[in-house]
Amino acid sequence: MLISSMLKIEQVRKDLARLNSDAVSADQLMDGVTRLLHEKMLKYNWVGFYMLEPGANPPMLVLGHYQGAMTPHTRIPLNQGICGAAASSGKTIIVDDVQSDPRYLACSLETKSEIVVPVLARGQVAGELDIDSHFPSAFGVEDRELVEYCASLVGKRLEQK
Ligand code: SME
């Protein structure tokens with residue numbers, strides 16, 4: 001990874017830490033995270049949270065705060081999409097080429113790669129942070145660590161409820 005990209009991620013981490021201490025609620029934190037990542041990380045072309053609908057049976061992911069183009073996928077069951085797969089496994093999923101993944105639910109023709117990181121609160125999946133890129137293989141190790149850091153901040157905040 002280029003030194004300039006590493007410095008950018010370092011700066012974004014500092015911005016996230018400040019955002020976390022300033023935010024008065026999980027809701028405000030999620031809004032701030034989507035805005036910050038979308039603005040500062042130039043390959044993150046769509047950034048949004050899907051949260052598990054409380055009490056829904058079967059379980060359902062519902063679109064929350066997001067930045068980027070409107071998506072037709074505002075509600076995703078756990079057996080559909082890369083989003084459903086990440087939520088049901090509780091594990092981060094990175095797809096370098098979305099067209100080659102049969103699980104992929106298309107939001108935009110421009111999307112080439114995607115990362116989905118579950119948000120865990122008290123050890124349970126509460127939702128996830130989903131990021132799409134117009135660039136293939138946009139999400140490397142440092143991106144994964146950054147997005148997992150964001151998800152962990154939100155998870156900790158949800159635990160305080
Ligand atoms: N691509 C996702 C759907 C959500 S959009 O990316 C915003 C999926 O396959 O689950």
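Above this text is the structure in question.
Residues numbered from 1 in each chain as written. Predicted model: local features only at pLDDT ≥ 70, side-chain atom pairs only at ≥ 80, totals over all residues. Heavy atoms only, no water.

## Digging into the site of the ligand
Item 1. Ile82, Cys83, Leu105, Cys107 and Asp132 are the nearest of the 13 residues found near the ligand.
Item 2. For the ligand, a nitrogen atom lies 2.8 Å from a polar atom in the backbone of Leu105.
Item 3. Within the side chain of Asp130, a nitrogen or oxygen atom sits 3.4 Å from an oxygen atom of the ligand.
Item 4. Protein contact buries 100% of the 300 Å² of open area that the ligand shows by itself.
Item 5. Every element with two or more residues in the shell around the ligand is listed here: β1 (46-52), α3 (81-89) and β6 (124-133).
Item 6. Here the element with the most residues in the shell around the ligand is α3; it accounts for 3 residues. (Near = heavy atom within 4 Å. Polar contact = N/O pair within 3.5 Å; in protein donor to acceptor, adjacent residues only side chain to side chain. Areas by Shrake-Rupley, 256 points an atom, 1.4 Å probe, with all protein chains shown as cover. Helix = DSSP H or I, 4+ residues; strand = E, 2+ residues; numbered from the N terminus.)

## Some remarks on helix α2 (residues 26-40)
Item 1. Between its first and last C-alpha atoms α2 spans 21 Å; for 15 residues at 1.5 Å apiece the expected length is 21 Å, and the two agree.
Item 2. All of the buried residues along α2 are Ala26, Leu29, Met30, Gly32, Val33, Thr34, Leu36 and Leu37.
Item 3. For α2, the elements touching its buried residues are α1 (3-22), β1, β2 (60-67), β6 and α4 (141-159). (Expected span 1.5 Å × (residues − 1). Buried < 20%, exposed > 50% of the residue type's maximum accessible area, 1.4 Å probe, protein only. Contact = heavy atoms within 4.5 Å.)

## Re the packing of α1 against α2
Item 1. It is the contact of α1 with α2, at a shortest axis distance of 10 Å, that shows an interaxial angle of 160°. The angle between α1 and α2 places the two elements in the roughly antiparallel class. The crossing of α1 and α2 is right-handed. From α1, Lys8, Val12, Asp15, Leu16, Leu19, Asn20 and Asp22 reach across to α2, where they touch Gln28, Leu29, Gly32, Val33, Leu36, Leu37 and Lys40.
Item 2. Class assignment of the residues belonging to the contact of α1 with α2 gives a composition of 7 nonpolar, 3 polar and 4 charged. (Axes fitted to C-alpha atoms, helices over the stretch in contact; angles between N-to-C directions. Parallel < 35°, antiparallel > 145°, perpendicular 65-115°, else oblique. Left-handed = near helix turned anticlockwise from the far one by under 90°. Nonpolar A, V, L, I, M, F, W, Y, C, P; charged D, E, K, R; others polar.)

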